[in-house]
Amino acid sequence: MTMNLFNQFLSPTFLGLPLIAIALMAPCLLYPSPAPWWQSNRWTTLQNWFIGSFIKQILSPINTKGHSWALLLATLMVFLITLNTLGLLPYTFTPTTQLSLNMAFAVPLWLAIVIMGFRNSPTHALGHLLPEGTPTPLVPILIIIESISLLIRPLALGVRLTANLTAGHLLIQLVSSAAFSLLLSQTTAASLAVSLLLLLTILEIAVAMIQAYVFVLLLSLYLQENV
Amino acid sequence: MPQLNPAPWFLILVFSWLIFLALMPPKILTHQFPHEPSTLTAHKPKANSWTWAWQ
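All values derive from a computational prediction rather than experimental measurement. (Residues numbered from 1 in each chain as written. Chains lettered and ligands numbered in written order. Predicted model: local features only at pLDDT ≥ 70, side-chain atom pairs only at ≥ 80, totals over all residues. Heavy atoms only, no water.)

## Remarks on the packing of helix α3 (residues 42–59) of chain A against helix α8 (residues 187–226) of chain A
Residues and elements named next belong to chain A. Under the convention used in this document: Think of each axis as a best-fit line through the C-alpha atoms, taken over the contacting stretch in the case of a helix, with angles from 0 to 180 degrees between the N-to-C directions. Numbering of helices and strands runs from the N terminus; a helix is a DSSP stretch of H or I covering at least four residues, while a strand is a stretch of E covering at least two. Angle categories are assigned with fixed cut-offs, so that under 35 degrees is roughly parallel, over 145 is roughly antiparallel, 65 to 115 is roughly perpendicular, and the rest are oblique. Two helices cross in a left-handed way if the nearer one is turned anticlockwise from the farther one by less than a right angle. They cross in a right-handed way if the turn is clockwise. Should any heavy atoms of two residues lie within 4.5 Å, those residues are considered in contact. Under this grouping Gly is polar, as are all residues other than the nonpolar Ala, Val, Leu, Ile, Met, Phe, Trp, Tyr, Cys and Pro and the charged Asp, Glu, Lys and Arg.
At a minimum axis distance of 10 Å, the contact between α3 and α8 shows a crossing angle of 40°. The pairing of α3 with α8 is recorded here as oblique in orientation. Considering the relative orientation of α3 and α8, their crossing is right-handed. Each of F54, Q57 and I58 in α3 lies in contact with α8, whose residues at this interface are Y213, V216, L217 and S220. Considered class by class, the residues forming the contact of α3 with α8 number five nonpolar, two polar and no charged.

## Notes on the confidence of the model for chain A
One rule of thumb: low pLDDT means the predicted coordinates there are not for detailed reading. What counts, and what does not: Known as pLDDT, the predictor's confidence for each residue is given on a scale from 0 to 100.
Counting all residues, the mean pLDDT for chain A is 92, and 99% of those residues have values of 70 or more. For chain A, the element scoring lowest by mean pLDDT is helix α1 (residues 2–6) of chain A, at 72; helix α4 (residues 70–86) of chain A scores highest, at 96.

## Notes on the pattern of salt bridges
Residue and element names in this part refer to chain A. Convention followed: Note on definitions: salt bridges are taken to be side-chain nitrogens of Lys or Arg within 4 Å of carboxyl oxygens of Asp or Glu. Think of it in three bands: residues with accessible area under 20% of the maximum for their type are buried, residues over 50% are exposed, and the middle band is partly exposed, with areas taken using a 1.4 Å probe on protein chains only.
What the rule picks out here adds up to one salt bridge over all chains. Among the salt bridges present, the one from E225 reaches R153, with a minimum N-O distance of 3.3 Å. In this pair, E225 is assigned in helix α8 and R153 in helix α7 (residues 139–182), connecting sequence segments 72 residues apart. What makes E225 partly exposed here is its relative accessible area of 27%. With relative accessibility at 18%, the residue R153 sits in the buried group.

## Description of the packing of helix α5 (residues 99–120) of chain A against α8 of chain A
All names here are of chain A. It is at 8 Å that the axes of α5 and α8 come closest, and there the two elements cross at 15°. Classified by the angle their axes make, α5 and α8 are roughly parallel. Between α5 and α8 lies a crossing of right-handed hand. Residues N102, F105, A106, L109, W110, I113, V114, M116 and G117 of α5 form the contact with α8, whose participating residues are F215, L219, Y222, L223 and N226. Residue classes in the contact of α5 with α8 are distributed as eleven nonpolar, three polar and no charged.

The following block contains the structure:
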């Protein structure tokens, strides 16, 4: 029974070809590059507004040196939010439910930020491992704890996104299969399940957008510390 | 859990980074953020509008 429920997360293949490649291309296909003329169409204007306000918001706490990360953070945000929200449509596959993909983004980006921090100002980077005002007997334990929390960041980043989206999709599948099986025999229970499904779907739309934002926000916070 | 199957992990990594590095950034880069057009002629030159950092 459980294997059946998780089957929706199997990386889909068709005749041996991985279909996740097509799912990953979806964001590229949905965002046409803006044309050079002054007034663009509604979709391009909307994108422009979104990217502009997002970049303004996420770069404001970062110093000027870190602003070169603008393109990477903007691309990551657009990519993740599109993959997450598209996955909520029926019969689509969400690549961000794959731990491999989320770790593939979390680990290299976190590592790049940490290495950059250690290269540019090693003392400052090491200083993050000991909060100010720590009582002396607690210092060794706290350094160990802070180091562990530093090393666990990429894992947390990847698993957070995976778990949130997987759990959401799983719940939707569970509740919808319950509603469907109850439809003819116990219609009242089925209608309750359908209303729950509606609320759940609204929640999942919010979660999809929020989780993408949180991923990029946390990366920007780590960048703030290290740049 | 099928997500823990290591078989497609490397392929997924390669594909996702390929798309993330090669296909998405040109689309984002073409977005520009010029200043709002003003009705009055400004004698003082405005600050340069923000560009993606290295352009």
